[in-house]
Amino acid sequence: MERNMTLKDWIITMILLALPIVNIVMLIIWAVDKDEPRNLFAKAYLIVMAGVFALVIIFYIIMLVIIFAFSAAFAY
């Protein structure tokens, strides 16, 4: 039986997601627990986090390439 989330449950969820390491651990726990009402939310949140993380890594790589290119161009 699936239970509904109360306002208190959602407030606790948001507080836990605001804590740096705790958020990833709790999202993984909620994502693998089939009986947890936050199951789909946790899976979606993890997918979005992975996408944002990949975009940030790509952005940093591009910025490093640009910085090294300019530093090599002005080295003379």
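Computed from a predicted model, the values in this text were never measured in an experiment.

Enquirer: Can you explain the overall build of the protein chain? Please cite residues and give values.
Expert: Of the regular secondary structure elements, the protein chain holds three helices and zero strands. For the protein chain, the succession of helices and strands along the chain, N to C, is α-α-α. Compactness check: the protein chain gives a C-alpha radius of gyration of 20 Å against a globular reference of 11 Å for 76 residues, more than 25% above the reference. With respect to the three principal axes, the spread of C-alpha positions in the protein chain is 70 × 20 × 15 Å. Within the protein chain, the proportion of its 76 residues that are buried is 16%. The contacts of the protein chain with a sequence gap of at least 6 include a subset with a gap of at least 24, amounting to 31%. A total accessible area of about 6,200 Å² is found for the protein chain, and carbon and sulfur atoms account for 79% of it. On the protein chain, the mean spot of the 5 positive side-chain charges and the mean spot of the 5 negative ones are 3 Å from each other.

Enquirer: Could you give an account of the side chain of Glu 36, with specific residues and numbers?
Expert: Along the chain, the position of Glu 36 falls in the loop between helix H2 (20-32) and helix H3 (39-73). Note on Glu 36: relative accessible area 13%, which makes it buried.

Enquirer: Give a description of the packing of H2 against H3 that names residues and reports values.
Expert: Interhelical geometry of H2 versus H3 gives an angle of 130 degrees and a closest axis separation of 8 Å. With respect to H3, the element H2 is oriented oblique. Note on packing geometry: the crossing formed by H2 with H3 is left-handed. Residues Ile 24, Leu 27, Ile 28, Trp 30 and Ala 31 of H2 touch H3, and the partners they reach there are Asn 39, Ala 42, Lys 43, Tyr 45, Leu 46 and Met 49. Classifying every residue of the contact of H2 with H3 by side-chain character gives nine nonpolar, one polar and one charged.

Enquirer: Can you break down the packing of helix H1 (residues 7-18) against H2 residue by residue, with the values?
Expert: Following both chains from N to C, one finds H1 and H2 inclined at 125 degrees, their axes separated by 6 Å at the closest point. On the basis of their axis angle, the class for H1 and H2 is oblique. On H2, the residues touching Thr 13, Leu 16, Leu 17 and Ala 18 of H1 are Pro 20, Val 22, Asn 23, Met 26, Leu 27 and Trp 30. Of the residues contributing to the contact of H1 with H2, the split by class is eight nonpolar, two polar and no charged.

Thresholds, definitions, all that
Residues numbered from 1 in each chain as written. Predicted model: local features only at pLDDT ≥ 70, side-chain atom pairs only at ≥ 80, totals over all residues. Heavy atoms only, no water. Helix = DSSP H or I, 4+ residues; strand = E, 2+ residues; numbered from the N terminus. Rg over C-alpha atoms; globule rule 2.2 N^0.38 Å. Buried < 20%, exposed > 50% of the residue type's maximum accessible area, 1.4 Å probe, protein only. Contact = heavy atoms within 4.5 Å. Areas by Shrake-Rupley, 256 points an atom, 1.4 Å probe, with all protein chains shown as cover. Lys, Arg positive; Asp, Glu negative; His and termini not counted. Charge placed at Lys NZ, Arg CZ, Asp CG, Glu CD. Axes fitted to C-alpha atoms, helices over the stretch in contact; angles between N-to-C directions. Parallel < 35°, antiparallel > 145°, perpendicular 65-115°, else oblique. Left-handed = near helix turned anticlockwise from the far one by under 90°. Nonpolar A, V, L, I, M, F, W, Y, C, P; charged D, E, K, R; others polar.

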